[in-house]
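# Reading the structure
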Amino acid sequence: MFQPVLSFVVISASQAVAGRITKDTLTLFVLGVPFMVAGLWFGFELFGKIDDETFHKTVLSLLLFAGASLIPSTLPFAFRQF
């Protein structure tokens, strides 16, 4: 249930210990926290309200959309000759 939050904290702590925290990292961290909190809130609201089949279809649809959104960024490289 709290795996994404724990991962977020562990990765951030690891970067801090390794000395990898930069201004850009902090900016992205600050931008990421609201989305993480919104996702947690949304997940808690939906937990127990939708059945497993609907959940699986939703996750697969989001994965399909995410994968399809990557295709246009690769098109300039697809037709380049080496």
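Refer to the structure printed above.
As the structure is a computational prediction, the values presented were derived from the model and not from experiment. (Residues numbered from 1 in each chain as written. Predicted model: local features only at pLDDT ≥ 70, side-chain atom pairs only at ≥ 80, totals over all residues. Heavy atoms only, no water.)

## A short note on the overall build of the protein
- A tally of regular secondary structure across the protein gives 3 helices and 0 strands.
- Ordered by position from the N terminus, the helices and strands of the protein form the series α-α-α.
- Computed over its C-alpha atoms, the radius of gyration of the protein comes to 18 Å, more than 25% above the 12 Å expected for a compact globule of 82 residues.
- Residues classed as buried in the protein amount to 2% of the 82 residues present.
- Working note: accessible area of the protein is about 7,500 Å², and carbon and sulfur atoms make up 74% of it.
- Charge separation in the protein, taken as the distance between the mean sites of 5 positive and 5 negative side-chain charges, equals 16 Å. (Helix = DSSP H or I, 4+ residues; strand = E, 2+ residues; numbered from the N terminus. Rg over C-alpha atoms; globule rule 2.2 N^0.38 Å. Buried < 20%, exposed > 50% of the residue type's maximum accessible area, 1.4 Å probe, protein only. Areas by Shrake-Rupley, 256 points an atom, 1.4 Å probe, with all protein chains shown as cover. Lys, Arg positive; Asp, Glu negative; His and termini not counted. Charge placed at Lys NZ, Arg CZ, Asp CG, Glu CD.)

## Things to note about the packing of aromatic side chains
- One pass over the full model with this rule turns up 1 aromatic pair.
- Plain terms: the ring middles of Phe8 and Phe29 are 5.0 Å apart, the flat faces sit at 15 degrees to each other, and that makes the pair stacked. Of this pair, Phe8 sits in helix 1 (residues 3-17) while Phe29 sits in helix 2 (residues 23-46); the two residues are 21 residues apart in sequence, bridging distant segments of the chain.
- Among the residues examined, Phe8 registers a relative accessible area of 25% and is labelled partly exposed.
- Phe29 sits in the partly exposed class, given a relative accessible area of 34%. (Phe/Tyr/Trp six-rings, centres within 6.5 Å; stacked < 30°, edge-to-face > 60°.)

## Comments concerning a nonpolar patch on the surface
- Taken together, the side chains of Trp41, Phe42, Leu46, Ile50, Phe55, Val59, Leu60 and Leu63 define a hydrophobic patch exposed on the protein surface, amounting to about 800 Å² of accessible area.
- The dominant element in the nonpolar patch, judged by the number of residues it contributes, is helix 3 (residues 52-78), at 4 residues.
- Mapped onto the fold, Ile50 is located in the loop between helix 2 and helix 3. (Patch = residues over 30% accessible without salt bridge, like charges linked within 9 Å, V, L, I, M, F, W, Y side chains within 5 Å. Salt bridge = Lys/Arg side-chain N within 4 Å of Asp/Glu carboxyl O.)

## Focus on helix 2
- An ideal rise of 1.5 Å per residue puts 34 Å on 24 residues; helix 2 measures up with 35 Å between its terminal C-alpha atoms.
- The largest bend in helix 2 is about 25 degrees, located at Gly32, with the proline Pro34 one to four residues further on. (Expected span 1.5 Å × (residues − 1). Bend = angle between axes of the 7 residues up to and from the residue.)

## Some details on helix 1
- Across its 15 residues, helix 1 extends 21 Å between first and last C-alpha, which sits within 8% of the 21 Å expected from 1.5 Å per residue.
- Phi turns positive, to about 75 degrees, at Gly19, one or two residues after helix 1.

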